[in-house]
Amino acid sequence: MSHATLIPRSALAGLTFHSASRPNVLAWDLPPVSLASVVSRRGPVAELRRRALAELGVALPEGPRRVSAGFISLVGIGPGAWLAIADRLDADFHIRIGRTLGPCASVADQSGAHALLRLSGAQIRSTLGKLLPIDLYPRAFAVGAAATTAAAQIPVHLWRLEDGTGGHPVFEIAVPRSLAVSFWHALTESAAEFGFALNP
Amino acid sequence: MSEAAQPKRISRGGMIDRARALSFRFDDRDYTGYAGDTLASALLANGIRRVGRSFKYHRSRGVLTAGPEEPNALVELRTGDRREPNTRATVTELFAGLEARSQNRWPSLALDLGAVSSCFSPLFVAGFYYKTFMWPKSFWEKLYEPAIRRAAGLGRASGQPDPDGYEKSFGFCDVLVIGAGPAGLAAALAAARRGARVVLCEEDFLLGGRLNAERCSIDGSDAVDWVRRVEAELASFADVRILRRTSVFGLYDGTAGSHSASGTRTFGAVERVSDHLQQPPQFQPRQRLWKIVARRAVLAAGAVERTIAFGGNDRPGIMLASAVRSYVNRFAVLPGRRVAVFTSTDDGWKAAFDLSEAGASVEALIDARGEPPASLIEQLRATGARLYAGSRVVEGHGSAGLSGVTIMDSQARRTRLRVDALAVSGGWNPNLALATHTGSKPRWSERIHAFVPDVLPGGLAVAGAARGALTLREALSEGAEAGAAAAEQLGFSGAAGEQWRADEEASEVAPLWFVGESRGKAFVDFQHDVTHEDVALAAREGFRSVEHLKRYTTLGMATDQGRTSALNAHAIMSALTGRSIAELGTPGARPPCTPVAIGAFAGPHRGRHFRPTRRTAGHGWAQEQGATFIEAGDWLRAQWFAQPGESDWQATVDREVKAVRTRVGLCDVSTLGKVDIQGRDAAKFLDRVYSNVFSTLPVGKVRYGLMLREDGFVLDDGTSAHLSPDHYVMSTTTANAQRVLQHLEHARQLLWPDLDVRLASVTEQWAQYAIAGPESRRLLEQALGDALSVSNQAFPYLACAEFRWQGVPARLFRISFSGELAYELAVPAQYGDAAVRAIAAAGASLGVVPYGLESLNVMRIEKGHLTGNELNGTTTAADLGMGRLMSTRKDFIGRVLAQRPGLTDPRRPALVGVRPIDPYSPVRSGAHFLSMGEPPTLENDQGYVTSAAFSPMLNSWIALGLLSRGRERLGERIRIHDPVRSGTDVEVEVVAPVFFDPAGERLVT
Amino acid sequence: MRIPCPYCGERDVSEFAYLGDAGYVRPDPDTADAPRRYVEAVYLRDNPAGPHEELWFHSQGCRQWLQVRRDTRTHEILGLRVAGPTADPEAG
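So, here's what we can say about the structure. Just so it is clear, the model here is predicted, and its values are computed rather than measured. (Residues numbered from 1 in each chain as written. Chains lettered and ligands numbered in written order. Predicted model: local features only at pLDDT ≥ 70, side-chain atom pairs only at ≥ 80, totals over all residues. Heavy atoms only, no water.)

### Side note on the interface of chain B and chain A
Thinking step 1. Every contact between the two is made by 56 residues of chain B and, on the other side, 50 residues of chain A.
Thinking step 2. Buried surface at the junction of chain B and chain A, summed over both partners, amounts to about 4,400 Å²; 53% is from carbon and sulfur atoms.
Thinking step 3. Per-residue buried area on chain B facing chain A is highest for Phe283, Arg758 and Gln830 of chain B; these three make up 16% of the total on that side.
Thinking step 4. Joining chain B to chain A, the criterion identifies five salt bridges.
Thinking step 5. One salt bridge connects Asp756 of chain B with Arg41 of chain A, and the closest N-O pair in it is separated by 3.6 Å.
Thinking step 6. Secondary structure elements with two or more residues in the side of chain B that touches chain A: strand 8 (166–178), strand 34 (673–678), strand 38 (758–761), helix 20 (776–784), strand 40 (800–805), strand 41 (808–813) and helix 21 (832–843) of chain B. (Contact = heavy atoms within 4.5 Å. Buried area = accessible area lost by both parts, 1.4 Å probe. Salt bridge = Lys/Arg side-chain N within 4 Å of Asp/Glu carboxyl O. Helix = DSSP H or I, 4+ residues; strand = E, 2+ residues; numbered from the N terminus.)

Okay, here's the thing in structure tokens:
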């Protein structure tokens, strides 16, 4: 039997960039966590909501929003559809959620499907303005808001966290894993004029 | 640099920075200008009047305007790979080291041999393309077209890739203000003060618009001071963005009506980020294309002065009066020493006053009107100019530059005046194109004798000169009102106070379009060399609507879109045909209303970044193995893995195929689409979307399925695996993954919403590897160990399982595209890189080889398996020999229409295999089938080759194809015809479309 | 053109895929005249110059099929709801 060990690898491993020196756009390649898609089954969503609240301690967001409770956060990505994000890599995450939500929802493991990036900095809105066709103005996209859209032709999920140090907005973006390199190129090119730093 | 080097520079004033002299080159000579100049103002300051040759007649042309509407002063800017043709000198900011060349002249601007075409000008009248060069027909391609192309046309493109970058950006605002003249500034300030998020776009590098070119005051002080104050206040708002050097070129359809915030519109704009620099600074693009979504917009784009058509009205030195004022007041340049003004408007008189003030000798003011206002006459007295009321200019003299004009006074007496510049004022045309981009037509105004906006697109307001309100007082009040109203409609309110005082001004316009007594050519389109005679000819020949006039004469079809003169042509047509200009109408306008570089539209999406590229998790590993990659749809896939010493790719592929068929190979198949399907009705759903039955498929098994469109043609094929009760995973072809998911969501959401079934794309989730070949089971045993038993008994053909591999969720499917004993192993994609390395390590002792798309293709052709070449949207299940997969026991999408006579006709092309009689004669896909001895005509066409490859196992070329009545023709000899690529036909034998292991014994062992 | 998605909010048309006439109803395949009715349903569609009920798929967003009433001459969106027979007509 082979002795090779299966260890996860970031979709952004080994990528480089060039930019102006003083970084006004910051990105963090987040450590791997488990993700799952949760889709409510046919019928009323009330039972699903009840179970989520009782078992996971989380009120399922209505509409494109992100809520977080304990080890799990949920991002609304469509009517009756959520992206569930664990706080760490856990091979049983989707199974446990599936059991918890029982026949009310279809749950599928999506842990490998995305590259997750956290983005911030003084010029993050100007940078994302070159990529995303949606309005990230503070009033239009408040803390907790989420959106599923396309960034430079790449389908993404995006949500806004509490502002970070310096009062700059903080976003997280989930990019299809196969498109992570293309997204990286678009992101770093867009940020270059402002200065960019990875995992500062 | 001394003033002497700029002979026409006025010694003081202007909005130029005399401390910053800039040297530049024009037609290989060195000149100097100042920061704040345009190329046009710097050339004029240096006494250069002639800047180019015209399009058809190669007449000398000079600067006509001081803005983006310029038809004449088009130059080639920069050199080498940055050379850009047809650049308007009037909006090109001067920078140190600028290099420009005049266009459309040979060998030089002064001596242009092409000018002889003026002698043959009867050849070049309207419609000459359609008439002059029609006979003999064969001459067109060989003689006429090349000759015309050399003579006509303007600048030369660089012919090299553009070295600079272009960028796109999205902008969102409450109120977009287009134009930063007095109306636009007032609108932006009114909206900003009320708390609205404002974007203000200005084409120029300075805010202020005409205020920079006029001597006028607001609230008792210089209007330019007012501009600076407003600019400073706007800059103090966090939610105001001022985009200078930015042209809004299009208004696009918006949302309106009850279901949205009524009035939101999308606008296109181009920001010339680095055009005013020698080259873009590091990390900066040359231009940025903006897509601006605005809830409200105020169009304050001003108006463009128009010319008067008279003989020789194109002589260098003849300029629009407003341009003269721009050059005198803003750029401190005197366009001439002895000047005259020809006007039919009050506004034109200001040019005489400004020229006189600046030190020019104003020889004459020629007003077509019999009785100009007394106040103006009074003011003219101080200039010493002679007034010719009720008079007109009938001819401009001087082919290299204006030397004089002949005027005809009210008594029809002709007088020749010696002047070196003439300012012409024929009235103002509002810049209303954006207001008409969604199809609304403008309205004729009898007050200003021009078209003005009429019914506006929802959400758009127009203010100031763009609406036909030509005075400063109106511009300020209308701008403030429009900006305030836009903000208030969106719920913003707050301090008013936008009331500014401006002087009364005379603004009468009398229509004078064409001087009937003209001698020589009177131009109504400078850039395309259209004259009043062309309009008359079009009228005589029946091309009388403005749309026909435009196409027949090319009027207004050049890059300036005829903004300074097309209306003159319409007026001439109107007079000739006895209809009013209002009745005649104006041609429809479409975006862009100003030239935009294609590069700006492409933005960063060019070259290998034309579209995003998808890479599998095993990409890095494949690279290390020496993969050559190929684009397959959005994906980069390994095409083959060449080894040292292999002569060509064919040798590599032959080796890979043989290794798989004799030992074991490893191939990344992660690109296939994967759909997670869950729900109590999942099986029922699969029965309805596949033509064959899935509800009988037990848990732990995989089945091949064929999916049709409702019109009966095949949409896609793939497999679905029954992982656990109510849970399936479907695979689709790589190319169709998106389309199939959309099709399935359509079926689920619209056709059968009563079914309890939910879909999720898991294409990205799973990295999947095919392990194929006689040794594949042994490889898996070594890789997986105790994780899963893969014996033939425990895990037979078409088995599937979910299991844990070193704690990682994994899936195994015993399916085969190669026809060998084969498995596909899937792991979450973050483990894809580790998994492929583990598989390769486990197979090292077995001699495992990585194989690519090309070997996969050879092996699937050997097996007669299908890809997009066969599933091309025109084939039915029966055509592909899969009629048996059309269940008769259930309904499914495509069932009814697949039975219609056209799709069941036995003459339809059916899938067959073909082998060349000479096994080494290459067969290529796309080649056509012909019966032996029949000539290659469309009527004799028997079908075509869909896929072809050289089979190392059969040591022969083999191919699949669609042959008419194919299944009845096995054993027949036909030929394939490929005139474009090979020339000689190849004789082939029709065979069954399975070349290798037809019984499929290898699959099940 | 922007489409006000009831879930995602107003979005640029580039996020959507177009299918066409929303009046399409899949005919009963088991009636005697099914072939004729299928031909009519699949091929014979109205193409009006003016208001048109049509299907748009929010492929780059929430993956919902939407029924959009659009004026084909001006691209004005006159109405919109989630497509499908069980859709809540008040949605959006």
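Next comes the rest of the account.
### As for the interface of chain C and chain A
Thinking step 1. Of the residues lining the interface, seven residues belong to chain C; the matching set on chain A comes to 15 residues.
Thinking step 2. Carbon and sulfur atoms make up 54% of the surface buried where chain C meets chain A, a total of about 880 Å² over both sides.
Thinking step 3. Considering only the surface of chain C that becomes buried against chain A, Tyr7, Arg11 and Gln60 of chain C emerge as the three largest contributors, covering 64% of it.
Thinking step 4. Seen at the junction of chain C and chain A, the total is zero salt bridges.
Thinking step 5. Linking chain C with chain A are five residue pairs in polar contact (both at pLDDT 80 or more), by the criterion used here.
Thinking step 6. Class assignment for the residues of the side of chain C that touches chain A results in two nonpolar, three polar and two charged. (Polar contact = N/O pair within 3.5 Å; in protein donor to acceptor, adjacent residues only side chain to side chain. Nonpolar A, V, L, I, M, F, W, Y, C, P; charged D, E, K, R; others polar.)

### Focus on helix 4 (residues 180–191) of chain A
Because each turn of an α-helix spans 3.6 residues, side chains separated by three or four positions end up pointing in the same direction.
Residue and element names in this part refer to chain A.
Thinking step 1. Its twelve residues place the ends of helix 4 16 Å apart at the C-alpha level, agreeing with the 16 Å of an ideal helix rising 1.5 Å per residue.
Thinking step 2. For helix 4, the buried fraction is high: nine of the twelve residues fall into the buried class.
Thinking step 3. Along helix 4, the positions that sit buried rather than exposed are Ala180, Ser182, Phe183, Trp184, Ala186, Leu187, Thr188, Ser190 and Ala191. (Expected span 1.5 Å × (residues − 1). Buried < 20%, exposed > 50% of the residue type's maximum accessible area, 1.4 Å probe, protein only.)

### Notes on the sheet that holds strand 1 (residues 25–29) of chain A
Residue and element names in this part refer to chain A.
Thinking step 1. The strand order 8-9-10-7-1-11 describes an open sheet built from six strands, whose pairing is mixed. Whereas interior strands pair on both sides, the edge strands pair on one side only; in this sheet they are strand 8 (146–151) and strand 11 (196–198). Adjacent strand axes in the sheet meet at a mean angle of 25° when their direction is disregarded.
Thinking step 2. Taken together, the five bridges between strand 9 (residues 154–161) and strand 10 (residues 170–176) define a ladder with antiparallel strand orientation. Across the sheet, Leu158 pairs through a bridge with Ile173, a residue of strand 10. (Pairing = 2+ DSSP bridges. Axes fitted to C-alpha atoms, helices over the stretch in contact; angles between N-to-C directions.)

### Quick notes on helix 20 of chain B
Residue and element names in this part refer to chain B.
Thinking step 1. Buried residues of helix 20: Ser776, Arg777, Leu779, Leu780, Ala783 and Leu784, and no others. One side of helix 20 carries all its buried residues, which in axial view fall inside an arc of 155°.
Thinking step 2. On its buried face, helix 20 is in contact with strand 39 (766–772), strand 40, strand 41, strand 42 (822–828) and helix 21.
Thinking step 3. Trailing helix 20 by a residue or two, Gly785 shows a phi angle of about 60°, which is positive. (Arc of directions from axis to C-beta.)

Treat this as a map of the structure, not an account of what it does.
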